[in-house]
Amino acid sequence: MSIVIRHALPDDLDRITEIYADAVLNGTASYELEPPTRADMGTRYDVLMDGGYPYLVAEREGTIVGYAYAGPFRARPAYRFVVEDSIYVAPDAKGAGIGKALMQALIDESTTLGFRQIIAVIGDGHADSASVRLHERLGFHHTGRMEGSGYKHGRWLDTVFMQLALNGGATLSPDPGSMPERRFRAKGGQG
C-alpha cells in the first residue's frame, strides 16, 4: 500500500482530531488528559499555518493515517531557529513506516525553511519507546530527561528531550534569507 505525504488542509482536521483524541485517551505521548475539540484543533492548526510552520499528513488509500508538524519551541525571539516536532499515527497504522515517512518529510521541510534545530519532547520517553527509537533512527541525539514530569494513567512519566541539527546547526551564522529570519525582520526584529 502506497503512503502519500502531503501538507495538511483544513478539511483534514476531523481525522487529525480523531487520531489525536486516541493518543490523549489511550497513550502517554501527550500529557493532555482530555482530548481537544475539533474547534481547538482548528485554532492550533491556524496558529501554525499563520506562522509558516510545516504541518503534514500521511494518507493510505485516501484515508489519513498520521500527521506531524513543527511548531515554535519557545515564544522568545532568540529561539526562532528552533522548532519542536509533534507526530501522531493512527492506532491501526502503527508499525508500517508511516511515522518514519512523516518525520523524514518534516525534517526535510524544516531544513528547506531554514530552521537550525528540531527538538523532540517525548512524553513517557523510556528507552524502548517507539518515538525515542524513531527519533534515534533519524539522527536525533539525547539532550535531557525530566524524571517524573507527568502523571497520567495512574503512573509518573519521564519526558525525554532529543535534538537534531539542521543547516549546520549552531556552527554557522543565521541565514538572512531563511523563513524564521525573514518573519522576524518583517516584525521589526533585529538579531
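See the structure printed just above.
Let us look at the structure shown here. Counting from 1, residues in each chain are numbered in the order their sequence is written. Local features in this predicted model are restricted to residues of pLDDT 70 or higher, and side-chain atom pairs are both shown and tallied only at a pLDDT of 80 or more, whereas totals for entire chains, interfaces and linings draw on every residue. Water and hydrogen atoms were dropped before computing side-chain values, which therefore reflect all heavy atoms in the structure.

**Focus: helix α2 (residues 38-50)**
Then, in step 1: Each helix corresponds to a stretch of at least 4 residues labelled H or I by DSSP, and each strand to a stretch of at least 2 residues labelled E; elements are numbered beginning at the N terminus. Given the number of residues in a helix, its expected span is that number minus one, multiplied by 1.5 Å. Over its 13 residues, α2 extends 18 Å from the first C-alpha to the last, a length consistent with the 18 Å expected when each residue adds 1.5 Å.
Then, in step 2: Only protein chains enter the accessibility calculation, which uses a 1.4 Å probe; a residue is then buried when its area is under 20% of its type maximum, exposed when over 50%, and partly exposed in between. All of the buried residues in α2 are Met41, Gly42, Tyr45 and Leu48. Looking straight down α2, one finds its buried side chains confined to an arc of 125°; they lie on one side. Of the exposed residues in α2, those oriented more than 90 degrees away from the buried face are Ala39, Val47 and Asp50.
Then, in step 3: We call two residues in contact whenever any of their non-hydrogen atoms come within 4.5 Å of each other. In the core, the buried residues of α2 are packed alongside α1 (13-26), β2 (55-60) and β3 (63-72). What the arc measures is the spread of directions leading from the helix axis to the C-beta atoms.

**Observations regarding the pattern of salt bridges**
Then, in step 1: By definition here, a salt bridge exists when the distance from a side-chain nitrogen of Lys or Arg to a carboxyl oxygen of Asp or Glu is within 4 Å. Taken as a whole and judged by the stated rule, the model has nine salt bridges.
Then, in step 2: One network of salt bridges, in which partners are shared, links Arg6, Asp12 and Glu59.

**Quick notes on the packing of aromatic side chains**
Then, in step 1: Any Phe, Tyr or Trp ring, taking Trp's six-membered ring, that has another such ring centre within 6.5 Å forms a pair; planes under 30 degrees apart are called stacked, those over 60 apart edge-to-face, and the others tilted. Under the definition given, this model contains nine aromatic pairs.
Then, in step 2: Site record: aromatic cluster; members linked through ring pairs are Tyr20, Tyr45, Tyr55, Tyr67, Tyr69 and Tyr88.
Then, in step 3: A cation over a ring is seen here: Arg74 above Phe73, with NZ or CZ 4.2 Å from the ring centre.
Then, in step 4: In this structure, Arg80 is placed above the aromatic ring of Phe184, and the distance from its NZ or CZ to the ring centre is 3.8 Å. Criterion for a charge above a ring: Arg CZ or Lys NZ at most 6 Å from the ring centre, at most 35 degrees from the ring normal.

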